[in-house]
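Each chain is listed here by its residues.
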Amino acid sequence: MTINLRVSLAILAAGFGIEGGSELASFASRGAFQPGPNVLFVLPAVMTLIGLLFVWIGRHEWNLLHHERVRSAHIVFGLSLLGGVVGGAVIGALVAFPQLGTPLWASLAFGAAIGSLVLGTFVTYVLLVFHLVARPSQLALFGSLAWALLVSVLVASAFAAHCADIVGLAVHRTLTVPAFFSSVDTLTSYLFVSYFLLLAAYLVAHGTVARGRDAEPAQGGSAPPVVPDAPGARP
């Protein structure tokens, strides 16, 4: 009954393991190992999209409580992707209207958009499984989110400070990776803490789904098994 949900949790957990290991290697090597911006920003989004796809495919396996949680997670993830679109739109506008220069508001908007892209994915991860795990794992999820918030603020500040550099590269259509990305790689390497905390919580959630639990374990007691929606119920 819960095969799609278990596949989704397994895919996301695998992604956390890959990203966490990559960031830990970068942290341990003091920046000598740098997976680069494509891995840092594209891989988490791709793994999340695949995981959410399996959640959507297996939506009939969720009861009303799960429906609301998953809907919220999808909305948050969509908004985080919108942040990336907004960041690209800001750069596009500054390139299209060079007379604007690089005003402070544009730098702040660009940095905030990139920061929301980073943080939004972690909020999505937390929303998906928060109700499936007990207090210790919920604390791990809170810790993961708090650490991701701190790192996303630092990343946002770095991008805001170098907004003019990115505009310059876009104007000259330069495809080289900006020099300041090495400092961004260093900042994002600290996300290994968040990824490993998520990995631990998701392994617990996977076990919960495998056992057929449906209610919030944190409330105590044994939870009833997952019951599929009746025919004609809302997806």
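This structure is a prediction, so every number in the text was calculated from the model and none was measured.

**Q** Can you tell me about the side chain of Ser152, naming the residues and giving the values?
**A** Mapping Ser152 onto the fold places it in helix 5 (residues 135–161). Residue Ser152 is classed as buried on the basis of its relative accessible area, which comes to 3%. Apart from the residues lying within four places of it in its own chain, the contact partners of Ser152 are Gly115, Val118 and Leu119.

**Q** Residues and numbers for the nonpolar core, please.
**A** Phe110, Phe122, Val129, Leu141, Phe159, Leu198 and Tyr202 are the most contacted members of the largest nonpolar core, which has 42 residues in total. Elements with a minimum of two residues in this core: helix 1 (3–28), helix 3 (64–96), helix 4 (104–129), helix 5, helix 6 (163–171), helix 7 (181–189) and helix 8 (192–210). If we ignore the near neighbours within four places in the chain, the residues touching Phe110 are Gly87, Val90, Ile91, Phe159, Cys163 and Ile166.

**Q** Explain the environment of Ser144 to me, and be specific about the residues and the numbers.
**A** Its place among the elements puts Ser144 in helix 5. Taking the C-alpha atoms as reference, Ser144 lies 8.2 Å from Phe196; in sequence the two are 52 residues apart. Not counting residues up to four positions away in its chain, the partners in contact with Ser144 are Phe122, Ser194, Leu197 and Leu198.

**Q** Residue-level account of a nonpolar patch on the surface, with values.
**A** Taken together, Leu24, Phe27, Trp147, Leu150, Leu154, Tyr190 and Phe196 make up a surface patch of nonpolar side chains, about 570 Å² in accessible area. Breaking the nonpolar patch down by element, the ones donating at least two residues are helix 1 and helix 5. Ranked by residue count, the leading element in the nonpolar patch is helix 5, at 3 residues. By the element assignment, Phe196 lies in helix 8. Given the relative accessible area of 30%, Phe196 is considered partly exposed.

**Q** Describe the packing of aromatic side chains, with residues and values.
**A** Between two aromatic rings, the relevant description is the distance of the centres plus the angle of the planes. Scanning all chains against the criterion turns up 10 aromatic pairs. Here the aromatic rings of Phe122 and Tyr125 are separated by 5.8 Å at their centres, their planes lie at 80°, and the arrangement is edge-to-face. Taken together, the positions of Phe122 and Tyr125, both in helix 4 and 3 residues apart, correspond to about one turn of that helix. In this structure, Phe122 and Tyr125 share a single accessibility class: buried. Ring centres of Phe192 and Phe196 lie 6.3 Å apart, and the angle between their planes is 70°; on these two criteria the pair is classed as edge-to-face. Separated by 4 residues within a single helix, Phe192 and Phe196 lie in helix 8, roughly one turn from each other. Residue Phe192 is classed as buried on the basis of its relative accessible area of 16%. Through pairs of rings, three or more aromatic residues link up here, namely Phe16, Phe122, Tyr125, Tyr195 and Tyr202.

Analysis parameters
- Residues numbered from 1 in each chain as written.
- Predicted model: local features only at pLDDT ≥ 70, side-chain atom pairs only at ≥ 80, totals over all residues.
- Heavy atoms only, no water.
- Helix = DSSP H or I, 4+ residues; strand = E, 2+ residues; numbered from the N terminus.
- Buried < 20%, exposed > 50% of the residue type's maximum accessible area, 1.4 Å probe, protein only.
- Contact = heavy atoms within 4.5 Å.
- Core = buried A, V, L, I, M, F, W, Y, C linked by side-chain atoms within 4.5 Å.
- Patch = residues over 30% accessible without salt bridge, like charges linked within 9 Å, V, L, I, M, F, W, Y side chains within 5 Å.
- Areas by Shrake-Rupley, 256 points an atom, 1.4 Å probe, with all protein chains shown as cover.
- Salt bridge = Lys/Arg side-chain N within 4 Å of Asp/Glu carboxyl O.
- Phe/Tyr/Trp six-rings, centres within 6.5 Å; stacked < 30°, edge-to-face > 60°.

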